[in-house]
Amino acid sequence: MKTPFHKIRQRLVSKLILTVGLVFLVSIFTWAYFNVEYQKEKVMQNIVSATDRLTSTIRLGTHYAMMLNSRDDINQIVTNVSKLPEIENIRIYNKAGEIKFSNRVSEVDMATNIKAEACDICHRTDPPMSEIELDERTRIFNNKNGYRLLGIISPIRNEPGCATDECHVHPRGKKILGAIDLVVSLEETDREIQRSQRGIIGMAFIVFLLTSMIIFYFVLRFVNRPVKKLIQRTRRIAKGDYEGRVQIAQDDEMGQLGAAIDKMGQEIAKNQKELNRQRDEYVQLFERVPCLITVQDRNYNLLRYNKEFSDRFDPAPNLSLIH
């Protein structure tokens with residue numbers, strides 16, 4: 001016994017909808033995946049660029065105070081900038097890896113491991129590299145509260161003004177005097193990325209749902225119903241009903257197929273009518289011809305005979321002409 005699922009699986013419309021639906025589902029969610037990845041990449045590029053610009057702003061803002069070796073002014077600049085909600089930490093290192101300025105007072109004058117994550121970017125070679133691309137100066141890591149942090153370290157280069165007696169004198173051959181390490185929170189950025197992901201996935205689901213409904217209606221209206229009418233019409237023709245017509249008001253292949261089936265029914269009716277005429281003519285000739293006509297098998301048993309033979313001999317059923 002065929003189950004409802006088996007019947008559905010055998011239907012052309014089910015196979016068509018399932019195939020189109022699967023292809024469309026894979027396509028729309030592949031598009032959604034790459035769109036989400038693209039949006040994530042663009043958001044991260046923007047936040048990295050903005051953070052790098054902020055680092056440059058801090059370096060430029062503290063430049064004059066560093067020229068005068070005004071620690072109070074540098075501390076005030078660092079404190080003011082760190083009040084921005086996304087700023088987690090601002091550190092200014094000297095060339096020995098000591099934290100000389102920080103928005104966290106407890107870190108000031110602490111010596112860090114020169115091979116630590118932030119410092120190792122420049123100190124992986126000896127002497128330290130002075131020119132490093134932005135992506136190499138960028139790091140992303142998790143904090144203890146569970147959200148991600150973005151850190152960008154920028155070198156403080158020895159400029160001509162720093163190698164004069166007016167400043168605190170740095171040798172001309174010294175290229176890097178220290179570094180500024182800026183760490184910002186990605187908590188809100190990650191929330192924005194998640195909202196964007198949910199929006200894109202939701203939009204993909206809505207587009208898939210609406211398109212699937214349109215495809216389902218189209219297949220049901222222009223394929224399934226006409227096919228059912230064509231099947232019913234061919235069954236009526238098989239039973240001898242040649243006069244009906246397939247009611248398909250379409251100019252496409254389905255309408256052409258319905259017209260072809262109607263034409264076939266008309267031709268079959270015409271041929272059947274001619275066959276009936278010839279049969280009736282044969283029967284009349286067979287019965288009314290004024291001579292004896294019989295149809296016998298190889299054993300001379302009567303199979304059929306005409307009226308003339310019946311009237312003259314009154315034969316019994318299965319009569320054999322050989323006694």
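Conventions used here
- Residues numbered from 1 in each chain as written.
- Predicted model: local features only at pLDDT ≥ 70, side-chain atom pairs only at ≥ 80, totals over all residues.
- Heavy atoms only, no water.
- Core = buried A, V, L, I, M, F, W, Y, C linked by side-chain atoms within 4.5 Å.
- Buried < 20%, exposed > 50% of the residue type's maximum accessible area, 1.4 Å probe, protein only.
- Helix = DSSP H or I, 4+ residues; strand = E, 2+ residues; numbered from the N terminus.
- pLDDT = per-residue confidence, 0-100.
- Phe/Tyr/Trp six-rings, centres within 6.5 Å; stacked < 30°, edge-to-face > 60°.
- Lys NZ or Arg CZ within 6 Å of the ring centre and 35° of its normal.

**Q** Sorry, what's going on with the nonpolar core here?
**A** Here is a general trend for soluble globular proteins: nonpolar side chains tend to be buried in one another's company. Core analysis: the biggest nonpolar cluster contains 22 residues, and I58, I74, I90, I92 and L182 have the highest contact counts within it. When residues of this core are traced back to their parent elements, those giving at least two are α2 (12–67), α3 (71–81), β1 (87–94), β4 (148–157) and β5 (176–185). Ranked by residue count, the leading element in this core is α2, at 7 residues. Core analysis: the second largest hydrophobic core is formed by 10 residues, I237, Y242, I248 and A269 among them.

**Q** Where do I start with unusual backbone geometry in this structure?
**A** Glycine aside, a negative phi is what most residues show, and trans is what most peptide bonds show. In the Ramachandran plot, D109 falls in the positive-phi region, its phi being about 70° despite a non-glycine side chain. Note that D109 resides in the loop between β2 (99–102) and α4 (120–123).

**Q** Honestly, the confidence of the model for the protein chain in this entry has me stumped. Any pointers?
**A** Here the protein chain shows a mean pLDDT of 79. Residues at 70 or above account for 83%. Per-element averaging of pLDDT across the protein chain places helix α1 (residues 4–10) at the bottom with 54 and β1 at the top with 88.

**Q** I would appreciate a short explanation of the packing of aromatic side chains in the present structure.
**A** Aromatic ring pairs are reported here in terms of the distance separating the ring centres and the angle at which the planes meet. In the structure shown here, the tally under the stated rule is 6 aromatic pairs. Residues F218 and F222 carry aromatic rings whose centres are separated by 5.1 Å and whose planes lie at 40° to one another, so their mutual orientation is tilted. With a gap of 4 residues between them, F218 and F222 both fall in helix α5 (residues 187–238), about one helical turn apart. Each ring, one from F309 and one from F313, has its centre 4.9 Å from the other, and the planes form 40°; the classification is tilted. Separated by 4 residues within a single helix, F309 and F313 lie in helix α7 (residues 307–313), roughly one turn from each other. When its relative accessible area of 47% is taken as the criterion, F313 is described as partly exposed. Taken together, Y305, F309 and F313 form an aromatic cluster joined through their ring pairs. One Lys or Arg, R221, reaches over the ring of F222 and ends 4.9 Å from the middle of that ring.

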